[in-house]
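Okay, here's what each chain looks like letter by letter:
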Amino acid sequence: MQVQLSGILSQAAGGARCVECAGATIGELLQALLLKYPEMQSHLDDGIAVAINGEIYRDRRDQPIPANADVFLLPRIQGG
Amino acid sequence: MPYETDYTNQGFSKVGTRVNRPDGVDKVTGRAKYGADANAAGQLVGRILRSPHAHALITKIDTSKAEKLPGVKAVLTGKDFPDLTGGDRGMMNILENCMARGRALYDGHAVAAVAAIDADTANEALKLIKVTYKQLPHVTDVDEAMKPSAPIIHDWVRTTGVTPAPTTASNVAQRTEFGHGDIDAGFAQADVIIEKSFKTEQTHQGYIEPHACLATLGPDGSGELWVTTQGHFTFRNVCASLLGLDVAKLRVTASEIGGGFGGKTHVWTEPVALQLSRRANRPVKLVMSRDEVFKATGPTSSTSVDVKIGAKRNGKITAASAELRYQSGAFPGMWAMLGAMTSFACYDLKNVKSVGFDVLVNRPKVAAYRAPSAPMAAFAVESVVDMVAAELGMDAVEFRIKNAAKKGTKASYGPVYGPIGIGPTLEAVKNHPHMKRKLGKNQGRGVACGFWFNFGGQTCTDLNIGVDGSVNLTVGTVDVGGSRASLALIAAEELGIDYEQVRVTIGDTNSLGHNDTTEGSRGTFSSGMAAIFAARDAVEVLKQRAAATWGIPVEQVVWEAGEARAKGKQNNNLPPLSLKEIAAKSPRTGGPIAGHNEVVADGAGVSFASHMCDVEVDPETGATKILRYTVVQDAGKAIHPDYVEGQFQGGAAQGIGWALNEEYVYGDDGRLQNAGFLDYRIPVCSDLPFIDTQILEIPNPNHPYGVRGVGETSIVPPLAAIGNAVSNAVGVRMDHVPMSPPRILKAIEAAQG
């Protein structure tokens, strides 16, 4: 699937804003992404949120990713 | 047990009603116990010595005289906090912020701590600690700190987010970029382009209750911490990690909280209090003074922002860009990134780019403040939106409606929106009676929009039914804005009982599994979700008990209106069993009846608000009076409308203070000049009109009741709404927050030449 990377995450993928990666769940996707781009590790440590068809998931690694979903990776954010 | 989190559009009998708050009597009679209200036998008084310099090497600390003072039981400096972080830079930053390690990084940075038998002795001991400093060059302004000539705060910081990766140190900790499309092409299509720069000054959350804790830590590594906090589980984890404790052996209890707004999401003095207690082997109570709260906790960023927006004559924006520079204090943060993500989130833009620079300065470590970083970005963007509308000769609300994001819009920060409320809030503003009020001389009206993400997170909840049918719901999210009332309504709704039958308690860290901090407007969203599922879990037990009592299969039992009913003609002779009846028999039907749920409450719906305000500016003094203020915000589903309105009003009130008066003032020596409420002016009742509210309910598809967080978004639009109103009143574009009387007069005089 096409995975879009935002902000600082794209730097860990050599500047690419969109990468090809596979995964039936968020956990599988992040694992595959890490294998492809080891520099992503520090961002995974800081936390990555995954937007699937517009819904943002911060913690659920078991969340399924439907076929042809719009997948967007964001840095994990803080709130007040 | 997993449950379906999708919105179901169910009807409600309890949710949405305005019941009495459960903590009201305790709070007005003084019974409620806040951070400084706990005491322990033999407790000591903790005090912290702070740097008087903005930036200095600590060449020597002599604590010998303090240690010899009778009554002093412990003295600590940076060397008493060994590095147990395992190379985790983020944890080391927290540790170094709690106690300096060889270098004071800002005015107020902790350099030593004492515990003594009373306050006088502790204060005397602080005076006996001799610290030798070598002052270093400092920088407190965000733009100055980015210059190549600026003193470097940390020699290990390399700017991330730039290619190639730099090899030399910089005060720019991070560059982040968001957006899509081609902004050059977009601006080329524009008939009108407006470009302007803005500044906002640093503000504090201004919570009335200072940080306070009572710490007990024994030589066996077991401890107790009573503390005012937004997240006692997070405090437990951080303190245990910094001090080398087992998480399970540190029990943290959250006191009632006298305001937090993001400022109580981080530890400041708590690890120090625990370490003092461990050293003295006695409880230590540590309460910050207001001066310390201002100097050494986590205010907002001060910022410097450039915005450029282009539009066609038909009112459609063709391109928008922003560069946002946010200072994060003396340690790296993500604040400019959040500004960059939120800046254009209200709009449907084909070509958009926002770039954020997180910048280190010699100021306290920045913390979240209600929708962190979004208000400053909104001030700049919404000001330019007004300017573009004016240049086009369009009504500013109509211009916003024409460009508002909607379901299917690709957000400026990346993802595609689901159902959202920005359009409906703007339509509500357009049709609101407020907009029809006639304005007088020296008066102006302003409108602005705001966005915040909201999030959920780890949540764990227990629900226990007593033998009399009363219900205790134990949650782990600190109640910062009325969640206990809302959660009681949810439990009552699910169980079909009266609200008054439910008591909600905030459990300590040993009574529940981990709960994330109450931040990101998550309290009612996530604990509400867990409460629904815990109640449904308990209902299954209630049905089983009824089935066993009747001697029928549980599949033939339904739960309706607070009672078990047997289905089917064969069961017509079985009268319903109420929750009270089943609970009364519970000791002999299987024991206590309880429900439990742990959930990662993801899918929090994003939140939008639109505000309108009328102001009158005195042209002789520059003083601004807020004549009328109205908040329109999407709540998804308002569980307890009074509290939702209270959140809307509270955010607006804080935003009004930020817009008009509040400001950290630093001298040339890098020291804070106004660390107290006499010189740092937050709004009081007489400064504010009654703040009108309008709740919109556009259900969040990812919550069974449709709930969205409501606690933060209301602080996003006020700076811009007031900025637009003041600009319209005085006929000069205001570009610097706070718009204090001297700043308004200066702007008027500058415009007059």
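Residues numbered from 1 in each chain as written. Chains lettered and ligands numbered in written order. Predicted model: local features only at pLDDT ≥ 70, side-chain atom pairs only at ≥ 80, totals over all residues.

A. Layout of the overall build of chain B. Looking only at helices and strands, chain B has 19 helices and 27 strands in total. Taken against the 2.2 N^0.38 rule, which gives 27 Å for 753 residues, the C-alpha radius of gyration of chain B at 27 Å falls within 12% of a compact globule. Its C-alpha atoms put chain B at 90 × 75 × 55 Å along the principal axes. Within the span of chain B, comprising 753 residues, buried residues form 58% of the whole. A sequence separation of at least 24 residues applies to 80% of the contacts in chain B between residues at least 6 apart. (Helix = DSSP H or I, 4+ residues; strand = E, 2+ residues; numbered from the N terminus. Rg over C-alpha atoms; globule rule 2.2 N^0.38 Å. Buried ≥ 20, exposed ≤ 12 C-beta atoms within 10 Å, placed from the backbone. Contact = placed C-beta atoms within 7 Å.)

B. View of the overall build of chain A. Looking only at helices and strands, one finds 3 helices and 5 strands in chain A. Along the chain direction, N to C, the helices and strands of chain A fall in the order β-α-β-α-α-β-β-β. Taken over C-alpha atoms, the radius of gyration comes to 11 Å for chain A, in line with the 12 Å a tight globule of 80 residues would show. The C-alpha extent of chain A, read off along each of the three principal axes, is 35 × 25 × 20 Å. A total of 80 residues make up chain A; the buried ones form 46% of that total. The contacts of chain A with a sequence gap of at least 6 include a subset with a gap of at least 24, amounting to 50%.

C. Expanded view of the interface of chain A and chain B. Taken together, the 24 residues of chain A in the interface contact 35 residues of chain B. Where the side of chain A that touches chain B is concerned, the elements lending two or more residues are β4 (55–57) and β5 (71–75) of chain A. Looking at the side of chain A that touches chain B, its residues break down into 8 nonpolar, 11 polar and 5 charged. (Nonpolar A, V, L, I, M, F, W, Y, C, P; charged D, E, K, R; others polar.)

D. Main features of the environment of A534 of chain B. All names here are of chain B. Following the sequence through the fold, A534 ends up in helix α15 (residues 523–550). Between the C-alpha atoms of A534 and G444, which are 90 residues apart in sequence, the distance is 51 Å. Not counting chain neighbours up to four residues away, the residues in contact with A534 comprise T461, D462, L463, G595, H596 and N597.

E. Structural view of the sheet that holds strand β25 (residues 624–634) of chain B. All names here are of chain B. With mixed pairing, the 4 strands of this open sheet are ordered in space as β16-β24-β25-β26. On the outer flanks of this sheet lie β16 (443–452) and β26 (691–696), each paired with one strand and no other. On average, each strand axis in the sheet is tilted by 15 degrees relative to the strand beside it, whichever way the strands run. Here strand β24 (residues 607–617) pairs with β25 via 9 bridges, running antiparallel. Across the sheet, the residue bridging to V615 is I626, located in β25. Along the sheet, helix α13 (residues 422–430) makes contact with β16, β24, β25 and β26, crossing β24 at roughly 30 degrees. (Pairing = 2+ DSSP bridges. Axes fitted to C-alpha atoms, helices over the stretch in contact; angles between N-to-C directions.)

F. Region of the structure containing the packing of helix α17 (residues 641–660) of chain B against helix α18 (residues 718–730) of chain B. Residue and element names in this part refer to chain B. Two elements in contact, α17 and α18, have axes whose closest approach is 8 Å; the angle formed by their N-to-C orientations is 55 degrees. One finds that α17 runs oblique with respect to α18. Between α17 and α18 the crossing geometry is right-handed. Within the contact between the two elements, α17 uses A652, G655, I656, W658, A659 and L660 and α18 uses P718, L719, I722 and G723. (Parallel < 35°, antiparallel > 145°, perpendicular 65-115°, else oblique. Left-handed = near helix turned anticlockwise from the far one by under 90°.)

G. Quick look at helix α3 (residues 89–98) of chain B. The complete set of buried residues in α3 of chain B reads I94, L95, E96, N97 and C98 of chain B. Where α3 of chain B is buried, its residues contact β5 (110–116), α7 (232–243) and α8 (270–280) of chain B.

H. How the structure looks around the confidence of the model for chain A. Here chain A shows a mean pLDDT of 90. Residues at 70 or above account for 100%. Within chain A, no element has a lower average pLDDT than β4 of chain A, which sits at 84, and none a higher one than helix α2 (residues 26–36) of chain A, at 94. (pLDDT = per-residue confidence, 0-100.)

I. Spotlight on the sheet that holds strand β7 (residues 172–180) of chain B. Pairing is mixed across the open sheet formed by 6 strands, whose spatial order is β7-β15-β14-β13-β8-β27 (chain B). Edge positions in the sheet fall to β7 and β27 (736–737) of chain B, since each has one partner strand and no second.

J. Spatial organisation of the domain arrangement of chain B. All names here are of chain B. Here chain B is described as being made up of domain 1 (24–29 + 456–601), domain 2 (35–136 + 210–257 + 264–296) and domain 3 (303–454 + 605–752). Each of domain 2 and domain 3 has a C-alpha centre, and these two points are 37 Å apart. Each partner contributes residues to the interface: domain 2 has 15 residues there, and domain 3 has 17 residues. Elements with a contribution of two residues or more to the side of domain 2 that touches domain 3: α3 and α9 (290–296). Here the side of domain 2 that touches domain 3 gets 5 residues from one element, more than from any other, and that element is α9. Residues of the side of domain 2 that touches domain 3, tallied by class, amount to 5 nonpolar, 6 polar and 4 charged. (Domains from an automatic or database assignment.)

K. Representation of the packing of α7 of chain B against α8 of chain B in the model. Residue and element names in this part refer to chain B. The geometry of α7 relative to α8 is characterised by a closest axis approach of 10 Å and an angle of 55 degrees between their N-to-C directions. In terms of orientation, α7 and α8 fall into the oblique class. Relative to α8, α7 is oriented so that their crossing is right-handed. Residue-level contacts link F235, C239, L242 and L243 of α7 to E270, P271, L274 and Q275 of α8. Considering only residue class, the contact of α7 with α8 consists of 6 nonpolar, 1 polar and 1 charged.

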